[in-house]
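Chain by chain, the residues run as shown.
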Amino acid sequence: MNRIFTLLIFFFVCSTVYAKGNVDVDVAAQDTNEVIKLNKQAYDNRLTSPDQTVSYASKALAIAEKAGYDKGIGEAYRVRGIGKYYLNQASAAIHDYLQALSYFSKIKDLRSQAKVYNNIGNLYLDNNYANSLEYLKKALVIAEKLADKQLTGSLYLNIGNVYYRKKSFYQALTYYDKGNEIFSSIKDSVNLIQALQNRGVIYFNLNQYDIAEKLLLAANKAAKERDLNKPVASTNLTLASLYIAQKRFDDAEKIVREGQAYSKAVKDEKLESDYNYTIYQLEAKRKNYERALYYLQMIFRQDSTIYTSNESTQISMLQEQFKQQARQRENELIIQRQQNDRIKFWAVTIVAGLLLVVIALLISNVKRKTLTNTKLTELNEEVSRQKDNLDRVNHHLEEIIDERTKDLQIKNKKLSEYSSYLSHQIRGPIATLRGLMNLEKEGLVDEKECINMMDKCVSDIDQKIIEMSEMLNDTSKKVF
């Protein structure tokens, strides 16, 4: 009964532990899925509402940190950095990008590291072309190594953006065409819109207005269908410049108003400033100089602010990057120290364990020797006792042998005396009887006298036998 009860308790405990383990696994899986879902929602909103991108990514970051999900933490930092980039918060964006990079480096996720390099390259696009190209090409090497077409296509577009800013239009167009080809093959509609827009911008700068308008209108239409506010706003900006160049002022004014609404929706101050410059160009072409001057003054103030902000941003980015690198180096040193400490700890533990084993063996050996010595001592004592007993037995045996020897000697002597006695005392009457019997046969003796003499002989023999028996049984009599 007790055995059955014990088994029931054992199965209950095992089932409880198993159920708890399953619950923990389920909770971890739910957290992981929630982080992935939030990060995707955040990334999908980057071109529509960067504020929501930051909000969703922050929620994902909190859940991922609580769950200890390193990949989710890194991706949340990266996506939040993208949201801050679209909100023109470069310093905050570089901080998140570097945090993401440290987590992806920790788990050795090359693809995600390449994505962060791509993001940092975009961030440097307005401040430092050399740095931008360095990060973008570093990411491109990884993307091509991993055969990641989508990332490779995005990098082609971004590298093309650098060459566009450097006024190398044909080189930029080469990269845009490569990106467009990749996105067409994998049917990535969002990046196809970006490729259409970028190519339209290049053809506009090459004064090929018909091709530029066709590409820009196609990008504008596709972006509106997918509610991508930022691409609509930036495409309208280029279309407005194209219409002004063609002196289609009414079309330009219409497209500017629409674009301003979209730029306000995404809260992009740089786009709003670019629209102010486009309006200045429009009013100047219309010869509305007073209104053009108003926008020119506004642009001057905004440009001064933006320039100061850009310089400050670049300094902040460099400082933040340096701090992050310093923190990363410090973390690496801490990790190295921790690893060394762990190695030392385990080494000391192993040595201590071995010492304890050696001590235990020595103690066990000493105990065995002590026990063996004790047993040997006991055996020696027992042997001594046995020897004493044997000595006593031998001594006793010698006494017994001496006594028996003496007894045998006495008995031999008695037997000898008995034999002598028998020869002399018994044989005499018997010889007499034989003689009487012979005489009686010869008739030489009277029968009656013969009988009397024979009776006397027999009586003598009987008396002698009784005496002999008494002597043999009586030990006090030494001789016959």
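Note that the structure is a prediction, hence the values are computed from the model and not measured. (Residues numbered from 1 in each chain as written. Predicted model: local features only at pLDDT ≥ 70, side-chain atom pairs only at ≥ 80, totals over all residues. Heavy atoms only, no water.)

Peer 1: Before we move on, can you summarise the overall build of the chain with the specific residues and values?
Peer 2: For the chain, the count of helices and strands is 15 helices and zero strands. Within the span of the chain, comprising 480 residues, buried residues form 34% of the whole. Within the structure as shown, the chain displays about 29,900 Å² of accessible surface, and the carbon and sulfur contribution to it stands at 56%. (Helix = DSSP H or I, 4+ residues; strand = E, 2+ residues; numbered from the N terminus. Buried < 20%, exposed > 50% of the residue type's maximum accessible area, 1.4 Å probe, protein only. Areas by Shrake-Rupley, 256 points an atom, 1.4 Å probe, with all protein chains shown as cover.)

Peer 1: Help me get a handle on the side chain of Asn-45, residues and values and all.
Peer 2: Turning to its location among the elements, Asn-45 is positioned in the loop between helix H1 (2-44) and helix H2 (50-67). Not counting chain neighbours up to four residues away, the residues in contact with Asn-45 comprise Pro-50, Gln-52, Thr-53 and Tyr-56. (Contact = heavy atoms within 4.5 Å.)

Peer 1: Now, about the packing of helix H5 (residues 110-123) against helix H6 (residues 129-146): what can you tell me, with residues and values included?
Peer 2: It is the contact of H5 with H6, at a shortest axis distance of 8 Å, that shows an interaxial angle of 155 degrees. Considering their axes alone, H5 and H6 lie roughly antiparallel with respect to each other. Helix-helix and strand crossings are classified by hand; for H5 and H6 the assignment is left-handed. Mapping the contact onto sequence places Leu-110, Arg-111, Ala-114, Tyr-117, Asn-118, Ile-120, Gly-121 and Asn-122 in H5 and Ser-132, Tyr-135, Leu-136, Lys-138, Ala-139, Ile-142 and Leu-146 in H6. (Axes fitted to C-alpha atoms, helices over the stretch in contact; angles between N-to-C directions. Parallel < 35°, antiparallel > 145°, perpendicular 65-115°, else oblique. Left-handed = near helix turned anticlockwise from the far one by under 90°.)

Peer 1: Can you tell me about unusual backbone geometry, naming the residues and giving the values?
Peer 2: A positive phi angle is found at Asn-88, which is not glycine, with a value near 60 degrees. Its place among the elements puts Asn-88 in the loop between helix H3 (70-86) and helix H4 (90-106). The exposure class assigned to Asn-88 is partly exposed, which follows from its relative accessible area of 32%. The residue Ala-147 is not glycine, and still its phi comes out positive at about 55 degrees.

Peer 1: Now, about the UniProt feature "transmembrane region" (unreviewed entry) in the chain: what can you tell me, with residues and values included?
Peer 2: Feature annotation in UniProt places "transmembrane region" (unreviewed entry) on residues 345-366, given in this structure's numbering. End C-alpha to end C-alpha, residues 345-366 measures 31 Å, and it is 100% helix and 0% strand. (UniProt positions renumbered as here; feature names shortened; annotations may be inferred.)

Peer 1: Quick rundown of helix H8 (residues 169-186)? Include the residues and the values.
Peer 2: Note: α-helices contain 3.6 residues per turn, so residues at a spacing of three or four share the same orientation. The terminal C-alpha atoms of H8, which comprises 18 residues, lie 26 Å apart, in line with the 26 Å expected from a rise of 1.5 Å per residue. Where H8 is buried, its residues contact helix H7 (149-165) and helix H9 (189-205). In the stretch just after H8, Lys-187 is the one whose phi turns positive, near 55 degrees. (Expected span 1.5 Å × (residues − 1).)

Peer 1: Please provide a residue-by-residue account of a negative patch on the surface, values included.
Peer 2: Where like charges cluster on the molecular surface, the negative patch consists of Glu-398, Glu-399, Asp-402 and Glu-403. By the secondary structure assignment, Glu-403 is in helix H14 (residues 289-442). For Glu-403, a relative accessible area of 53% corresponds to the exposed category. (Patch = residues over 30% accessible without salt bridge, like charges linked within 9 Å, V, L, I, M, F, W, Y side chains within 5 Å. Salt bridge = Lys/Arg side-chain N within 4 Å of Asp/Glu carboxyl O. Lys, Arg positive; Asp, Glu negative; His and termini not counted. Charge placed at Lys NZ, Arg CZ, Asp CG, Glu CD.)

Peer 1: Explain the environment of Ala-60 to me, and be specific about the residues and the numbers.
Peer 2: Along the chain, the position of Ala-60 falls in helix H2. The exposure class assigned to Ala-60 is buried, which follows from its relative accessible area of 0%. Along the primary structure Ala-60 and Ala-42 are separated by 18 residues, whereas in three dimensions their C-alpha atoms are 9.0 Å apart. Those residues within four positions of Ala-60 in sequence are excluded, and the remaining contacts are Val-35, Leu-38, Asn-39 and Ala-76.

Peer 1: Explain the confidence of the model for the chain residue by residue, including any values.
Peer 2: On average, residues of the chain score 82 in pLDDT, and 85% of them reach the 70 mark or higher. Residue range residues 1-14 is modelled with pLDDT below 50. Its contacts to residues more than four positions away, or to other chains, number zero contacts. (pLDDT = per-residue confidence, 0-100.)

Peer 1: Describe the packing of aromatic side chains, and please don't skip the residues or the numbers.
Peer 2: Following the criterion strictly, the structure yields 10 aromatic pairs and no others. Judged by centre distance (5.7 Å) and plane angle (10 degrees), the rings of Tyr-163 and Tyr-175 are stacked. One end of the pair, Tyr-163, is in helix H7; the other, Tyr-175, is in helix H8, and 12 residues separate them in sequence. In this structure Tyr-175 comes out as buried when scored by relative accessible area, which is 16%. Ring centres of Tyr-277 and Tyr-280 lie 5.9 Å apart, and the angle between their planes is 40 degrees; on these two criteria the pair is classed as tilted. (Phe/Tyr/Trp six-rings, centres within 6.5 Å; stacked < 30°, edge-to-face > 60°.)

Peer 1: Please set out a nonpolar patch on the surface residue by residue, giving values where relevant.
Peer 2: On the surface, Val-351, Leu-355, Leu-356, Ile-359 and Ile-363 cluster together into a nonpolar patch covering about 470 Å² of accessible area. Within the secondary structure, Ile-363 sits in helix H14.

Peer 1: Give a detailed account of the pattern of salt bridges, specifying residues and quantitative values.
Peer 2: Enumeration over the complete set of coordinates arrives at 17 salt bridges. The partner of Lys-71 in a salt bridge is Asp-109, and the shortest N-O contact between them spans 2.5 Å. Linking Lys-71 in helix H3 with Asp-109 in the loop between H4 and H5, this pair joins segments that are 38 residues apart in sequence. Since its relative accessible area comes to 14%, Asp-109 is described here as buried. For Asp-96, the salt bridge goes to Lys-84, with nearest N and O atoms at 3.1 Å. Of this pair, Asp-96 sits in helix H4 while Lys-84 sits in helix H3, and the two are 12 residues apart along the sequence.

Peer 1: For the packing of H3 against H4, give the residues involved together with the corresponding values.
Peer 2: One can describe the packing of H3 onto H4 by two numbers: an axis separation of 8 Å at closest approach and a directional angle of 160 degrees. Relative to H4, the element H3 is oriented roughly antiparallel. Considering only the axes of H3 and H4, their crossing is left-handed. Only Ala-92, Ala-93, Asp-96, Tyr-97, Gln-99, Ala-100, Tyr-103, Phe-104 and Lys-106 of H4 make contact with H3, whose side of the interface consists of Asp-70, Lys-71, Ile-73, Gly-74, Glu-75, Tyr-77, Arg-78, Arg-80, Gly-81, Ile-82, Lys-84 and Tyr-85. In the contact of H3 with H4, the residues fall into 10 nonpolar, three polar and eight charged. (Nonpolar A, V, L, I, M, F, W, Y, C, P; charged D, E, K, R; others polar.)

Peer 1: With reference to specific residues and values, describe the state of the cysteines.
Peer 2: Summed over all chains, the structure comprises zero disulfides. With no disulfide of its own, Cys-450 lies closest to Cys-457 among cysteine sulfurs, the gap being 9.1 Å. According to the relative accessible area criterion, Cys-450 is buried, its value standing at 2%. Assessed through its relative accessible area of 8%, Cys-457 is described here as buried. (Disulfide = S-S within 2.5 Å.)

Peer 1: Residue-level account of H4, with values.
Peer 2: Between its first and last C-alpha atoms H4 spans 24 Å; for 17 residues at 1.5 Å apiece the expected length is 24 Å, and the two agree. Those residues of H4 that sit buried are Ala-90, Ala-93, Ile-94, Asp-96, Tyr-97, Leu-98, Gln-99, Ala-100, Leu-101 and Phe-104. Lys-108 lies just past H4 and shows a positive phi near 55 degrees.

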